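Reading the structure
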Amino acid sequence: MNPLVKRACLMAGGILMILTFCILALLIQHRSSQNASAAYTAFIYQDGSLLQSIPLNQITETCRFTVNAAHGGYNIIEVSPGGIAIAEADCPDQICVRQGQITDSLLPITCLPHRLVIELRPSTPAASASAPDAVAY
């Protein structure tokens, strides 16, 4: 084997090993930074106004309730300990239902046809202050 080809193969293998290690380290760090006991509050908005806020750490068993839209549509929301989801909706695209249960504040559930937004926020101010959400200059 040509020494140049051998060096290129070794370098490519080394780069792949470093990338794999970095990805694994990031995944482990992300998992460990998500505190299992972190308390979130679910805020449910429709047409920009707050309908309900639900502290998820106070939920002991799964329950469902219906939110009716102004034009006659509906969303059935399922709240379980530590998470919230839209279990059923009569909107045509069903994106809100397919998103599934959310358990952290990374991505809200949005149902555009019914103008419904469900977002999670940390219940304690110390949890929200642990990571900056903006950079000041």
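Criteria and cut-off values
- Residues numbered from 1 in each chain as written.
- Predicted model: local features only at pLDDT ≥ 70, side-chain atom pairs only at ≥ 80, totals over all residues.
- Heavy atoms only, no water.
- Core = buried A, V, L, I, M, F, W, Y, C linked by side-chain atoms within 4.5 Å.
- Buried < 20%, exposed > 50% of the residue type's maximum accessible area, 1.4 Å probe, protein only.
- Helix = DSSP H or I, 4+ residues; strand = E, 2+ residues; numbered from the N terminus.
- Contact = heavy atoms within 4.5 Å.
- Pairing = 2+ DSSP bridges.
- Axes fitted to C-alpha atoms, helices over the stretch in contact; angles between N-to-C directions.
- Disulfide = S-S within 2.5 Å.
- Phe/Tyr/Trp six-rings, centres within 6.5 Å; stacked < 30°, edge-to-face > 60°.
- Lys NZ or Arg CZ within 6 Å of the ring centre and 35° of its normal.
- Salt bridge = Lys/Arg side-chain N within 4 Å of Asp/Glu carboxyl O.

**Considerations on the nonpolar core**
Where a protein is soluble and globular, its nonpolar side chains tend to be buried together. L56, I77, I84 and I86 are the most contacted members of the largest nonpolar core, which totals 20 residues. Within the residue set of this core, elements represented by two or more residues are β1 (40-46), β4 (74-80), β5 (83-89), β6 (109-111) and β7 (116-122). Excluding residues that lie within four positions of it along the chain, L56 makes contacts with Y40, T41, A42, V79, S80, P81, G82, G83 and L120.

**Things to note about the sheet that holds strand β3 (residues 63-68)**
Spatially, β3-β4-β5 is the arrangement adopted by the three strands of the open sheet, whose pairing is antiparallel. The outermost strands of the open sheet, each flanked by one partner alone, are β3 and β5. On average, each strand axis in the sheet is tilted by 30° relative to the strand beside it, whichever way the strands run. One ladder, built from six bridges, connects β4 with β5; its direction is antiparallel. Counted as the bridge partner of S80 is G83 from β5.

**Digging into the state of the cysteines**
Throughout this description, disulfide means a covalent bond between two cysteine sulfur atoms. In this structure the tally under the stated criterion is zero disulfides. Free of any disulfide, C91 has its nearest cysteine sulfur in C111, 3.8 Å distant.

**Observations concerning the packing of aromatic side chains**
Tallied over the full model, the rule gives zero aromatic pairs. R121 extends its terminal NZ or CZ atom over the ring of F43, reaching a point 4.3 Å from the ring centre.

**Looking at the pairing of β5**
The buried fraction of β5 amounts to five of the seven residues, a majority that puts the element mostly inside the structure. The hairpin formed by β4 and β5 contains two residues between the paired strands, and G82 there has a positive phi angle of roughly 90°.

**Re the sheet that holds strand β2 (residues 49-55)**
Pairing in this open sheet of four strands is antiparallel, and the strands run β2-β1-β7-β6 from one edge to the other. Of all strands in the sheet, those with a lone pairing partner are β2 and β6, marking the two edges. In this sheet, adjacent strand axes meet at a mean angle of 20° when their direction is disregarded. The pairing of β1 with β2 spans six bridges and is classified as antiparallel. Note on β2: the bridge partner recorded for Q46 is S49.

**Remarks on the pattern of salt bridges**
Counted under the stated rule, the structure contains three salt bridges. Close ionic contact of E78 with R64 constitutes a salt bridge, the shortest N to O distance being 2.9 Å. Of this pair, E78 sits in strand β4 while R64 sits in strand β3, and the two are 14 residues apart along the sequence. For E78, a relative accessible area of 24% puts it in the partly exposed group. For the salt bridge of E119 with R121, the shortest nitrogen-to-oxygen distance reads 2.5 Å. With relative accessibility at 34%, the residue R121 sits in the partly exposed group.

Read these as geometric descriptors, not functional statements.
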